[in-house]
Amino acid sequence: MSLFSFLQKHLQKLHRRAYPVNYTCYNCQAEVFNGQIFCSDCKDLVPYNTLYCLKCGRKILQYGYCMDCRHTLPVFEKARSLFVYEGQAVQFIHAFKNGNPHFAQGFAKEALSIVRREFFDADFLTFVPMTKQAKDNRGYNQSELFARSMSEMSGISVEEIFEKKRDTPEQKNLTRSERQNNLKGVFHVKHRSICKDKTVLLLDDTLTTGATANELAKLLYGAKAKKVYLLTVASVVLQKTPSTLP
Ligand SMILES: [Zn+2]
Ligand SMILES: [Zn+2]
């Protein structure tokens, strides 16, 4: 073990002691002792995303690609998410975006195994930006906190690559091409040179339509990134999956 990694390990230990992640279950507030974010009872209730599209990571019912990816492949290499955006996960995300920034640490802890398994070759992490005004209003950018917590836990550095120049109207009622047009010129790459030939893992709280992640992946590839991955806390199930077809 090098002196540097020795010191890093011990500093992390001290940090964890000074800022413990939690001592209570995120769901029911029961006491937990093993550093997990859910007690064993709640773990069964939380919608972990266990069978997912190999490309976009959304929940599906059969191994392979979802209908949406079979129709049009997203630009990013692959995406994964910790939870399916339903049931308890909806409440977690809502809390995370509305005054409970500490959720970032718990989510990162839970999603660390995904990073180690699927994104181990990432050179650095980055996150979906907010406009300055939106961040001032909320007091934090939840995607940034998720990325920074993940960086601490995984040891992969985090870079603030993007700037968001203006807010966009709601995306969900627009068609695919309207959504892409809606995002034209909204994001700006601040540090192009550090993306060159790098594998980038982009983090966000929720994969909804996928338009934002797609746009940011395009910009990263435009800055010569080698590969772009996406990790979100939760992903929305699209309507036209095989499960909903007659
Ligand atoms: Zn519980
Ligand atoms: Zn898919």
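Residues numbered from 1 in each chain as written. Chains lettered and ligands numbered in written order. Predicted model: local features only at pLDDT ≥ 70, side-chain atom pairs only at ≥ 80, totals over all residues. Heavy atoms only, no water.

As for its position among the elements, Gln142 is in helix α7 (residues 142-154). Here the side chain of Gln142 touches Arg138 through a polar contact of 2.5 Å, side chain to side chain. Setting aside its immediate chain neighbours within four residues, Gln142 contacts Phe96, Lys97, Met130 and Asp205. (Helix = DSSP H or I, 4+ residues; strand = E, 2+ residues; numbered from the N terminus. Polar contact = N/O pair within 3.5 Å; in protein donor to acceptor, adjacent residues only side chain to side chain. Contact = heavy atoms within 4.5 Å.)

Right, let's get into the coordination of the zinc ion (ligand 2). Around the zinc ion (ligand 2), the protein contributes the donor atoms Cys53 (SG), Cys56 (SG), Cys66 (SG) and Cys69 (SG), at 2.3 Å from the metal centre. Between the four donor atoms coordinating the zinc ion (ligand 2), the angles at the centre fall across 105 to 117 degrees, so the site counts as tetrahedral. A residue is classified by how much of its surface remains accessible, and Cys53, at 0% relative accessible area, is buried. Cys56 gets classed as buried once you look at its relative accessible area, which sits at 4%. (Donors = N, O, S within 2.8 Å, 3.2 Å for Na, K, Ca; no water. Tetrahedral: all angles 85-135°; square planar, octahedral: opposite > 155°, others 65-115°. Buried < 20%, exposed > 50% of the residue type's maximum accessible area, 1.4 Å probe, protein only.)

Moving on: the sheet that holds strand β1 (residues 78-84). Strand order in the open sheet formed by four strands is β1-β6-β5-β2, and the pairing between neighbours is parallel. Strands at the two margins of the open sheet, each flanked by one partner only, are β1 and β2 (124-127). For this sheet, the mean angle separating the axes of adjacent strands, direction not counted, is 25 degrees. Along the sheet, helix α4 (residues 88-97) contacts β1, β5 (199-207) and β6 (227-235); its crossing angle with β5, the most-contacted strand, is approximately 105 degrees. Seen against the sheet, α7 touches β2, β5 and β6 and runs at an angle of roughly 165 degrees to β2. (Pairing = 2+ DSSP bridges. Axes fitted to C-alpha atoms, helices over the stretch in contact; angles between N-to-C directions.)

Packed helices, taken two at a time, are described by the angle their axes make and the gap between the axes. Relative to each other, α4 and helix α5 (residues 103-118) sit at 135 degrees, their axes nearing to 10 Å. In terms of orientation, α4 and α5 fall into the oblique class. Contacts between α4 and α5 pair Phe92, Ala95 and Phe96 from the former with Phe103, Ala104 and Phe107 from the latter. Residues of the contact of α4 with α5, tallied by class, amount to six nonpolar, no polar and no charged. (Parallel < 35°, antiparallel > 145°, perpendicular 65-115°, else oblique. Nonpolar A, V, L, I, M, F, W, Y, C, P; charged D, E, K, R; others polar.)

Taken together, Cys25 (SG), Cys28 (SG), Cys39 (SG) and Cys42 (SG) make up the full set of protein donors to the zinc ion (ligand 1), lying 2.2 to 2.3 Å away. Coordination at the zinc ion (ligand 1) is tetrahedral: its four donor atoms span angles of 106 to 115 degrees at the metal. Along the chain, the residues that donate to the zinc ion (ligand 1) are spaced as C-x2-C-x10-C-x2-C. Residue Cys25 is located in the loop between α1 (3-18) and α2 (40-43), and its partner Cys39 is located in the loop between α1 and α2; the two are separated by 14 residues in the primary sequence. For Cys25, a relative accessible area of 1% puts it in the buried group. Residue Cys39 is classed as buried on the basis of its relative accessible area of 11%.

Position of Asn34 relative to the elements: it lies in the loop between α1 and α2. Distance in space between the C-alpha atoms of Asn34 and Tyr23 is 8.5 Å, their sequence separation being eleven residues.

To continue, consider the pairing of β5. Among the nine residues that make up β5, nine are buried, leaving the element largely enclosed by the rest of the structure. Examined bridge by bridge, β2 and β5 share four bridges and lie parallel to one another. Looking at the pairing, Phe124 lines up with Val200 of β5. One ladder, built from eight bridges, connects β5 with β6; its direction is parallel. Counted as the bridge partner of Thr199 is Lys227 from β6.

Right, let's get into unusual backbone geometry. With a phi close to 60 degrees, Asp197 is a non-glycine residue in the positive phi region. Within the secondary structure, Asp197 is located in the loop between β4 (187-189) and β5. With a phi close to 75 degrees, Lys224 is a non-glycine residue in the positive phi region. Inspection of the secondary structure puts Lys224 in the loop between α9 (211-222) and β6.

Another point: the confidence of the model for the protein chain. Taken as a whole, the protein chain shows an average pLDDT of 89; of its residues, 88% reach a score of 70 or greater. Below a pLDDT of 50 lies the segment residues 241-246, which in the model reaches seven contacts outside its immediate sequence neighbourhood of four places, other chains included. (pLDDT = per-residue confidence, 0-100.)

Right, let's talk about the nonpolar core for a bit. Membership of the largest hydrophobic core comes to 38 residues, with the highest contact counts inside it found for Phe38, Phe83, Phe146, Met150, Leu201 and Leu231. Broken down by element, this core gets its largest block of residues, eight residues, from α5. Excluding residues within four positions of it along the chain, Phe38 makes contact with Cys25, Tyr26, Asn27, Val32, Lys43, Val46, Tyr48, Phe83, Phe92 and Glu110. Phe187, Leu207, Ala225 and Val228 belong to the second-largest nonpolar core, a separate cluster that totals 23 residues. (Core = buried A, V, L, I, M, F, W, Y, C linked by side-chain atoms within 4.5 Å.)

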